[in-house]
Amino acid sequence: MSTPNTALVIGASGGIARALIDELLTHPEIEYVHAISRSDLVNTHPNITAYTLNSLDEHAVAEFVEQQKSDATQYRFVISTVGILHREPSDSLCGLKPEKRLEDIDPLQLQAYFEVNTILPAIWLKHLVKIMPKRLPSTIAFLSARVGSITDNKLGGWYGYRASKSALNMLIKNAAIEYSRRNKNVALLSYHPGTVDTGLSKPFQANVKSDKLFTPEFTAQCLVSLLTQATAEESPYYLDWAGKTIPW
Ligand SMILES: NC(=O)c1ccc[n+]([C@@H]2O[C@H](COP(=O)([O-])OP(=O)(O)OC[C@H]3O[C@@H](n4cnc5c(N)ncnc54)[C@H](OP(=O)(O)O)[C@@H]3O)[C@@H](O)[C@H]2O)c1
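Read on for a plain summary of the structure.

Cut-offs used in this document
- Residues numbered from 1 in each chain as written.
- Predicted model: local features only at pLDDT ≥ 70, side-chain atom pairs only at ≥ 80, totals over all residues.
- Heavy atoms only, no water.
- Salt bridge = Lys/Arg side-chain N within 4 Å of Asp/Glu carboxyl O.
- Near = heavy atom within 4 Å.
- Polar contact = N/O pair within 3.5 Å; in protein donor to acceptor, adjacent residues only side chain to side chain.
- Areas by Shrake-Rupley, 256 points an atom, 1.4 Å probe, with all protein chains shown as cover.
- Helix = DSSP H or I, 4+ residues; strand = E, 2+ residues; numbered from the N terminus.
- Nonpolar A, V, L, I, M, F, W, Y, C, P; charged D, E, K, R; others polar.
- Buried < 20%, exposed > 50% of the residue type's maximum accessible area, 1.4 Å probe, protein only.
- Contact = heavy atoms within 4.5 Å.
- Patch = residues over 30% accessible without salt bridge, like charges linked within 9 Å, V, L, I, M, F, W, Y side chains within 5 Å.

1. What about the pattern of salt bridges?
Right, on to step 1. Applying the stated criterion across every chain, the model contains 5 salt bridges.
Right, on to step 2. Between K202 and D197 there is a salt bridge, with the nearest N and O atoms lying 2.8 Å from each other.

And the structure:
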């Protein structure tokens with residue numbers, strides 16, 4: 001049996017994802033990175049294999065997983081960085097703006113948040129169970145957010161983003177129970193990266209103190225360290241960048 005030496009990054013064109021791929025390539029256990037994006041990635045490293053795939057197309061995800069199974073790919077780490085918070089009104093998929101009050105709730109907007117932040121990760125959880133290593137440790141992580149914590153919510157607002165990340169957390173907790181029966185060596189992790197200087201947080205950075213606005217490189221380093229330490233026995237985790245547990 002070969003040792004898992006490959007990492008899979010889903011949503012690979014994003015700000016955190018790009019830093020994460022660079023960080024993974026320096027990890028002593030990782031030789032290859034598979035990078036999935038909706039858009040064609042410019043492949044700059046011989047050990048990165050780029051796949052153009054829309055993860056909302058379950059058929060495409062199933063096909064990708066079947067291909068990896070027949071290639072006997074062993075994933076040490078899988079990380080989904082996929083998430084949306086806002087979109088320009090001109091976006092072809094429909095604009096998105098985090099709700100400030102109840103009157104801002106819009107069914108189509110809610111649907112869009114749940115599709116990307118919750119349903120897309122669920123599709124991956126469903127299909128990955130078939131190919132994660134059975135006997136050697138591995139970790140699957142999803143970029144969630146502290147605002148998805150039901151216990152921690154003191155501010156309100158952002159109905160769609162919060163609720164879709166809370167639902168993601170529930171999926172991770174629920175799936176961890178089934179993974180522990182079907183695939184005992186997989187750890188599941190819900191990760192809050194802090195406020196990170198990427199396109200996603202750009203419109204909301206005005207009130208963030210400079211020492212609380214992290215670089216993608218910093219949060220990628222924190223995440224990779226947590227991925228390495230995670231164990232199936234302690235799974236599932238809901239952790240922030242400093243490794244502190246967030247209440248579900
Ligand atoms: N930045 C922050 O301050 C912050 C704070 C808390 C949590 N987070 C979470 O961290 C994650 C990464 O965020 P980021 O800051 O790196 O944001 P980003 O640069 O906007 O990247 C987000 C990624 O999500 C994917 N995505 C967006 N819309 C999608 C759609 N309709 N269908 C499929 N994939 C879609 C994109 O992947 P493609 O490559 O496929 O286009 C993109 O790479 C997100 O889950 C976010 O919620 C970020």
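2. A look at the site of the ligand
Right, on to step 1. The local shell around the ligand holds 27 residues, among which S13, S37, Y161, V196 and T198 are the closest.
Right, on to step 2. At a separation of 2.9 Å, an oxygen atom of the ligand approaches a polar backbone atom of G11.
Right, on to step 3. Between A12 and the ligand, the recorded distance is 3.4 Å, taken from a backbone N or O atom to an oxygen atom.
Right, on to step 4. For the ligand, whose free accessible area comes to 880 Å², the fraction covered by protein is 90%.
Right, on to step 5. At the level of elements, helix 1 (15-24), helix 3 (107-128), helix 4 (159-182) and strand 7 (195-196) are the ones that each hand at least two residues to the shell around the ligand.
Right, on to step 6. Grouping the amino acids of the shell around the ligand by side-chain chemistry returns 12 nonpolar, 13 polar and 2 charged.

3. What to know about unusual backbone geometry
Right, on to step 1. The amide bond that connects S235 to the next residue, P236, takes the cis arrangement and shows omega of 5°.
Right, on to step 2. Note on placement: P236 falls in the loop between helix 5 (216-229) and strand 9 (237-240).
Right, on to step 3. In this structure, A72 is a non-glycine residue whose phi angle is positive, near 55°.
Right, on to step 4. Checked against the element boundaries, A72 lands in the loop between helix 2 (58-70) and strand 4 (75-80).

4. Quick word on the side chain of S138
Right, on to step 1. Among the secondary structure elements, S138 is positioned in strand 5 (residues 138-143).
Right, on to step 2. The exposure class of S138 is buried, given its relative accessible area of 2%.
Right, on to step 3. In contact with S138, other than residues within four places in its own chain, are Y75, R76, M132, P133, N185, V186 and A187.

5. Quick look at a nonpolar patch on the surface
Right, on to step 1. Taken together, L102, I105 and Y159 make up a surface patch of nonpolar side chains, about 260 Å² in accessible area.
Right, on to step 2. Relative to the helices and strands, Y159 resides in helix 4.
Right, on to step 3. A residue is classified by how much of its surface remains accessible, and Y159, at 32% relative accessible area, is partly exposed.

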